[in-house]
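Residue-level structure breakdown
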Amino acid sequence: MTDKGIADRCLFEMLGGYILVKCAHEECGRGIADYFSPHVCTRLVTPDVIVECDWMKASRYLFRARPAGKDVCLDGVYITALYGQREPWLSSYPPLPPLTFPPFAGRFVALHGAALVPPDGGALLILGERGGGKTTLAVDLVNYGNYALLTDETAFIHIRTLLVEPFGIPLGFRSSTIEDSKRLVPAIKAVRTIAKRPAWVTQVVILERANISEPRLTVLSAADALRSMLPHHLDASAAQDEALLTLGRLASEAKTYRFTHGGYGHLPALRSMLKVQTQLQR
């Protein structure tokens, strides 16, 4: 695919780097720009990575890992790292963002969860199983609790730190009528405020659904916090020992709670519970 055949291109600033995306078809370019709308960059900078795509539309496998066994290259997707050679995308990781290429490779530990910036600073990390209420809770805290959204689906934390990066991809709202169906809404349309800068995690909430009539918030020890975080770890190309070191530091230094609730109607109660806990710590 040569520059002459490119219908659309867009520069994105995300995870501490710059990605230039070149698309042969305008509809695909628009889809990628909509997906990463909070990360569109209008400054004149040299990209760290160039991703080329000749797909007609922006498919999910541009943004999400393929299922196990789908290890062939994504036909029509190419990548060029800074000072590198143009080559087909062979990784099972999604090419956007290209986590196996510099400057992203090995830099992050990922957790399946939402990250928010509370009014008094720091970052709140929310972890939980699929359908556990992470997105509903994140939207409630941002739109009604004066928080700012860092990310909803995947929290990228710099290795050996508690610093989480903004990653404003669309929020997935589950259908009430179709099982396992999600409606994606761009982050800038779903929430009032989106954080633009990384933030240091100071609080972690592990969501747990149970058959109870009243929600409860329980403080976890560092050991229990680590055990509760491990099932939510996602591979972001960091070495295993680096991931364990990072999660261990997160469990030791961030105040971690388990929020047990009986359903979505209990989720707004977390706002007042966290406010009480924050006041007690002062």
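Below you will find a few notes about this structure.

What counts as what
- Residues numbered from 1 in each chain as written.
- Predicted model: local features only at pLDDT ≥ 70, side-chain atom pairs only at ≥ 80, totals over all residues.
- Heavy atoms only, no water.
- Disulfide = S-S within 2.5 Å.
- Buried < 20%, exposed > 50% of the residue type's maximum accessible area, 1.4 Å probe, protein only.
- Helix = DSSP H or I, 4+ residues; strand = E, 2+ residues; numbered from the N terminus.
- Polar contact = N/O pair within 3.5 Å; in protein donor to acceptor, adjacent residues only side chain to side chain.
- Core = buried A, V, L, I, M, F, W, Y, C linked by side-chain atoms within 4.5 Å.
- Contact = heavy atoms within 4.5 Å.
- Pairing = 2+ DSSP bridges.
- Axes fitted to C-alpha atoms, helices over the stretch in contact; angles between N-to-C directions.
- Arc of directions from axis to C-beta.

Okay, the state of the cysteines next. Taken as a whole and judged by the stated rule, the model has zero disulfides. Cysteine 41 carries a free sulfur, and the closest cysteine sulfur to it, the one in cysteine 10, is 8.9 Å from it. With relative accessibility at 10%, the residue cysteine 41 sits in the buried group.

Looking at the secondary structure, you find threonine 260 in strand β16 (residues 255-261). For threonine 260, the side chain forms a polar contact with the side chain of glutamate 208, separated by 3.1 Å.

Next up on the list: the nonpolar core. In this structure, Phe12, Ile32, Phe36, Leu62, Val77, Leu96 and Phe156 are the most contacted members of the largest nonpolar core, which totals 34 residues. Elements with a contribution of two residues or more to this core: β1 (8-14), β2 (17-23), α1 (26-35), β3 (49-53), β4 (77-81) and β6 (108-117). The greatest single-element share of this core, amounting to four residues, is contributed by α1. Among residues more than four places away in sequence, those in contact with leucine 62 are Cys28, Ile32, Cys53, Trp55, Val77, Pro94, Pro95 and Leu96. Residues Val109, Leu111, Leu125 and Ala243 belong to the second largest nonpolar core, which totals 27 residues.

Most of β2 is tucked away: seven of the seven residues are buried. Because side chains alternate across β2, one face comprises the buried residues Gly17, Ile19, Val21 and Cys23, and the other comprises Tyr18, Leu20 and Lys22, equally buried. One ladder, built from seven bridges, connects β1 with β2; its direction is antiparallel. Each residue of the ladder has a partner; that of phenylalanine 12, found in β2, is isoleucine 19. Between β1 and β2, which pair antiparallel one after the other, the connecting turn spans two residues, and leucine 15 there sits at a positive phi close to 50°. Here β2 runs beside β3; their pairing, made up of five bridges, is parallel. Opposite valine 21, over in β3, you have valine 51 as the bridge partner.

The next subject is the sheet that holds strand β5 (residues 87-88). Sheets are built from strands paired through backbone hydrogen bonds, the pairs being either parallel or antiparallel. With respect to topology, five strands assemble into an open sheet ordered β1-β2-β3-β4-β5, the strand pairing being mixed. Lying at the two open borders of the sheet, with one neighbouring strand each, are β1 and β5. Pairing geometry for β4 and β5, over two bridges, is antiparallel. Its bridge partner lying in β5, isoleucine 79 is registered against glutamate 87. Sheet contacts for α1: β1, β2 and β3; angle to β1, the most-contacted strand, approximately 20°.

On to helix α4 (residues 222-229), then. Every buried residue of α4 is accounted for by Ala225, Ser228 and Met229. Viewed end-on, α4 has its buried residues packed into an arc of 95°, placing them on one side of the element. Residues of α4 that are buried in the fold lie against β6, β7 (123-127), β13 (199-209), β15 (233-234), α5 (240-253) and β16.

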